[in-house]
Amino acid sequence: VQLQASGGGLVQTGGSLRLSCALSGSTFGVDVTGWWRQAPGKEREFVVAINWSGTATLYQDSVKGRFTISKGNARTTVYLQMSGLKPEDTSVYYCAAGKYSGGRAWSALSAYGYWGHGTQVTVSS
């Protein structure tokens, strides 16, 4: 599975951005796609995830009500609509996918076996 993230940029506090993640290759078996982020000097942290059918989601508490994850009609594109952005949201954002994740928690790195290159999101104060 290959993942291509796009849509990052520079935005002011309170602004909005939409990230996209395009999945390609052997997507059979992918049952979760998530967004993670990593700020300089910090560990990579879970942001949000969605199942293959788009019927279930999981959000990190700090982004609830501000971020929305969704899937395109073909289910191979995942969007992250971010609004009410704060300087602490500044990070490199990565999309990731997991196959046959089973009982692994979507907020755990172990649920994801495929990662895309990150896209930088910078929120200025």
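Residues numbered from 1 in each chain as written. Predicted model: local features only at pLDDT ≥ 70, side-chain atom pairs only at ≥ 80, totals over all residues. Heavy atoms only, no water.

Asks: How should the sheet that holds strand E7 (residues 67-71) be read in this particular structure?
Replies: The pairing of strands in a sheet happens through backbone hydrogen bonds and is either parallel or antiparallel. Sheet architecture is open: four strands sit in the order E1-E3-E8-E7, paired in antiparallel fashion. Edge strands, defined here as strands with exactly one partner in the open sheet, are strand E1 (2-6) and E7. Averaged over neighbouring strand pairs, the angle between their axes works out to 15° when direction is ignored. Judged from the six bridges that link them, strand E3 (residues 17-24) and strand E8 (residues 77-82) form a sheet pairing that is antiparallel. Bridge pairing links Arg18 to Gln81 in E8. (Pairing = 2+ DSSP bridges. Helix = DSSP H or I, 4+ residues; strand = E, 2+ residues; numbered from the N terminus. Axes fitted to C-alpha atoms, helices over the stretch in contact; angles between N-to-C directions.)

Asks: How should the packing of aromatic side chains be read in this particular structure?
Replies: Any aromatic ring pair is given by two values, namely how distant the centres are and how the planes are angled relative to each other. Per the stated rule, a full pass over the model turns up four aromatic pairs. Judged by centre distance (5.6 Å) and plane angle (75°), the ring pair of Trp36 and Phe46 falls under edge-to-face. Of this pair, Trp36 sits in strand E4 (residues 30-38) while Phe46 is found in strand E5 (residues 45-51), placing the two residues 10 residues apart along the sequence. When sorted by exposure, Trp36 lands in the same class as Phe46, which is buried. Centroid distance Trp36 to Tyr112: 5.6 Å. Interplanar angle 80°. Geometry classified as edge-to-face. In this pair, Trp36 is assigned in strand E4 and Tyr112 in the loop between strand E9 (91-99) and strand E10 (114-115), connecting sequence segments 76 residues apart. Since its relative accessible area comes to 6%, Tyr112 is described here as buried. (Phe/Tyr/Trp six-rings, centres within 6.5 Å; stacked < 30°, edge-to-face > 60°. Buried < 20%, exposed > 50% of the residue type's maximum accessible area, 1.4 Å probe, protein only.)

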